[in-house]
Amino acid sequence: MPFFFLSYQKKVNLRIVLLAFSICVSILCFICFTNIVVALLKHNSSNNILWNITNKNLAEKVGLEPIYFSIYILLSNLYLISKYFKNKTKNHILILVVNSIILILLGSRNITVSYVFLTAIALAFFLNKNKLPFRNIFLIIGAFLLFIFSIAYLNPVIKWRYISVFNTTSLEKNMPHYSEKGARLRKQLWTSAIEIVSKNPILGVGTGNYTDELKRTYLKNKYRIPFRKELITHNQYLTYAVMFGYVGLLVFVVYMAFFIKYFYKNKLLLPLLFLISIICICVTESFLYVNKGIVFFAFFSNLFLINHFHGKKTKSPIHISTSSSSTWRFIDE
């Protein structure tokens, strides 16, 4: 995929692509936000209503799954932060606030945690670039973190999603809707995948036998819910290890390492943060198992690469320069 894109001879206007993507994501977030306001105005703020405006029920209003909608918002907001510091308009702040609220309510824990830390890094980058005193930088980032944690704490459904990671018994007692999910279920999926990999360590079981082998292992271990729902591993690294063995997992790691190394050496912050978010998401989700995740990752990762490649003046059209620039940039100008 990278070499296919590198054969393209024109530089892509990365800012236009990211702006168009961010506009689409923001429109979807405003639709969700409108649905939330209407639902709260029509009913009392009970747990049942909260379930209707969080997680899957919220994402289904725009035809997306929470995991993919969340990662779209993450990338969009990182870019919108750069737009705000460039234009200094209040509209960007409003959009960022609404998008952040929707992201928290979607309840994707891994992406939310990634969003908090990656956004803090992006804020620190721009605040430092604008030569603000370090005290002001800490205050602004602290206010952002307080805003995010307040949303998560004030919504009982979202709060219990995080509590479930450490206390599944308390979750099942207080939130019966959620008794079939949480850390306990992830443990069953991962232990089953590791068991399959231990029996097929080199080349795995293949793509065709992936789900069948998982179901056999669930049945043998008496994992009722994973077997009945035909769940996959919810870990991209284990998914590749089961399907392709350690060989396939190594290929994936090397592929990701290539992008990380290239963007780090060329000091491009947004592409690097984007890749870090994908790496983190892959720990708890099989993000690249379906086309929705594959297309998103392949498109943007290679778009960042081709934009930087054609932005550099090189003697050879097939030469990729990895010489680092003197200062960090958010994206190529």
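As a reminder, the structure under discussion sits directly above these lines.
Note that the coordinates shown come from a computational prediction; the quantities given were computed from them, not determined experimentally.

Draft legend 1. Structural detail: the overall build of the protein chain. Check the secondary structure of the protein chain and you find 16 helices and zero strands. Of all 333 residues assigned to the protein chain, the portion counted as buried reaches 48%. Look at the contacts in the protein chain between residues 6 or more apart in sequence, and 75% of them connect residues 24 or more apart. Element-wise, carbon and sulfur atoms account for 65% of the exposed surface of the protein chain, whose accessible area totals about 17,100 Å².

Draft legend 2. Local environment of the pattern of salt bridges. Tallying each qualifying case throughout the model produces six salt bridges. Lys-199 is the salt-bridge partner of Glu-195, the closest N and O atoms lying 3.7 Å from each other. Linking Glu-195 with Lys-199, this pair stays in helix H11 (residues 183–199), spanning four residues, or about one helical turn. On the accessibility criterion, Lys-199 (57% relative accessible area) is exposed. One salt bridge connects Arg-216 with Glu-213, and the closest N-O pair in it is separated by 2.6 Å. Of this pair, Arg-216 and Glu-213 are both found in helix H12 (residues 210–221), three residues apart, which corresponds to roughly one turn of the helix. By relative accessible area, Glu-213 is classed as partly exposed at 23%. Three or more residues are tied together by salt bridges with common partners; here these are Glu-195, Lys-199 and Lys-220.

Draft legend 3. Up close: the packing of helix H5 (residues 66–87) against helix H6 (residues 90–106). At a minimum axis distance of 9 Å, the contact between H5 and H6 shows a crossing angle of 160°. Put simply, H5 runs roughly antiparallel to H6. Once H5 is placed against H6, the crossing between them reads as left-handed. Contacts from Pro-66, Phe-69, Ser-70, Ile-73, Leu-74, Ser-76, Asn-77, Leu-80, Ile-81, Lys-83, Tyr-84 and Asn-87 of H5 reach H6 at His-92, Ile-93, Ile-95, Leu-96, Asn-99, Ser-100, Ile-102, Leu-103 and Leu-106. For the contact of H5 with H6, the class distribution of residues is 13 nonpolar, seven polar and one charged.

Draft legend 4. Looking closely at the side chain of Thr-239. Within the fold, Thr-239 resides in helix H14 (residues 236–265). Classification of Thr-239 by relative accessible area gives buried; the value is 0%. The residues touching Thr-239, leaving out its near neighbours within four places in the chain, are Tyr-210, Thr-233, Ser-286 and Tyr-289.

Draft legend 5. The arrangement of the nonpolar core in detail. Ile-102, Phe-287 and Phe-296 are the most contacted members of the largest nonpolar core, which has 96 residues in total. Per-element tally for this core: the top contributor is H5, with 13 residues. Look past the residues within four positions of Phe-296 in its chain and what remains in contact with it is Phe-21, Ile-71, Tyr-72, Leu-75, Phe-274, Ile-278 and Phe-287.

Draft legend 6. Seen up close, the packing of aromatic side chains. Tallied over the full model, the rule gives 32 aromatic pairs. A centroid spacing of 6.1 Å and a plane angle of 80° characterise the contact between Phe-21 and Tyr-72, whose relative ring orientation is edge-to-face. With Phe-21 in helix H2 (residues 14–42) and Tyr-72 in helix H5, this pair connects stretches of sequence that are 51 residues apart. On the basis of relative accessible area, Tyr-72 is assigned to the buried category, the value being 15%. For the pair Phe-21 and Phe-300, a centre-to-centre distance of 5.0 Å together with 65° between the ring planes defines the contact as edge-to-face. One end of the pair, Phe-21, is in helix H2; the other, Phe-300, is in helix H16 (residues 291–311), with 279 residues separating them in the sequence.

Draft legend 7. Seen up close, H5. For H5, which comprises 22 residues, the first-to-last C-alpha distance of 30 Å matches the rise-based estimate of 32 Å (1.5 Å per residue) to within 8%. Burial of H5 is extensive: 19 of the 22 residues sit out of reach of the surface. The first or second residue beyond H5 is Lys-88, which carries a positive phi of 55°.

Draft legend 8. Structural detail: the state of the cysteines. Tallied over the entire structure, the rule returns zero disulfides. Residue Cys-32 stays outside any disulfide, its sulfur separated by 6.4 Å from that of Cys-29, the closest cysteine. You can call Cys-32 buried: its relative accessible area is 0%. Sulfur of Cys-282: no disulfide; nearest cysteine sulfur belongs to Cys-280 and is 9.2 Å away.

Draft legend 9. Just the side chain of Asn-302, in detail. Tracing the sequence through the fold places Asn-302 in helix H16. For Asn-302, a relative accessible area of 0% gives the class buried. In this structure the side chain of Asn-302 is engaged in a polar contact, spanning 2.7 Å, whose partner is the backbone oxygen of Ala-298.

Draft legend 10. View of unusual backbone geometry. Unusually for a residue other than glycine, Glu-230 sits at a positive phi of about 55°. For Glu-230, the location among the structural elements is in the loop between helix H13 (224–229) and H14. Of note, Lys-267 is a non-glycine position whose phi angle comes to about 55°, a positive value. Position of Lys-267 relative to the elements: it lies in the loop between H14 and helix H15 (269–284).

Draft legend 11. Inspection of the packing of H5 against H15 at higher detail. The geometry of H5 relative to H15 is characterised by a closest axis approach of 10 Å and an angle of 160° between their N-to-C directions. Taken together, the axis directions place H5 and H15 in an arrangement best described as roughly antiparallel. You can see that H5 and H15 cross each other, and the crossing is right-handed. Of H15, the residues touching H5 (which contributes Ile-67, Ile-71, Leu-74, Leu-75 and Leu-78) are Leu-270, Leu-273, Phe-274, Ser-277, Ile-278 and Ile-281.

Conventions we followed
Residues numbered from 1 in each chain as written. Predicted model: local features only at pLDDT ≥ 70, side-chain atom pairs only at ≥ 80, totals over all residues. Heavy atoms only, no water. Helix = DSSP H or I, 4+ residues; strand = E, 2+ residues; numbered from the N terminus. Buried < 20%, exposed > 50% of the residue type's maximum accessible area, 1.4 Å probe, protein only. Contact = heavy atoms within 4.5 Å. Areas by Shrake-Rupley, 256 points an atom, 1.4 Å probe, with all protein chains shown as cover. Salt bridge = Lys/Arg side-chain N within 4 Å of Asp/Glu carboxyl O. Axes fitted to C-alpha atoms, helices over the stretch in contact; angles between N-to-C directions. Parallel < 35°, antiparallel > 145°, perpendicular 65-115°, else oblique. Left-handed = near helix turned anticlockwise from the far one by under 90°. Nonpolar A, V, L, I, M, F, W, Y, C, P; charged D, E, K, R; others polar. Core = buried A, V, L, I, M, F, W, Y, C linked by side-chain atoms within 4.5 Å. Phe/Tyr/Trp six-rings, centres within 6.5 Å; stacked < 30°, edge-to-face > 60°. Expected span 1.5 Å × (residues − 1). Disulfide = S-S within 2.5 Å. Polar contact = N/O pair within 3.5 Å; in protein donor to acceptor, adjacent residues only side chain to side chain.

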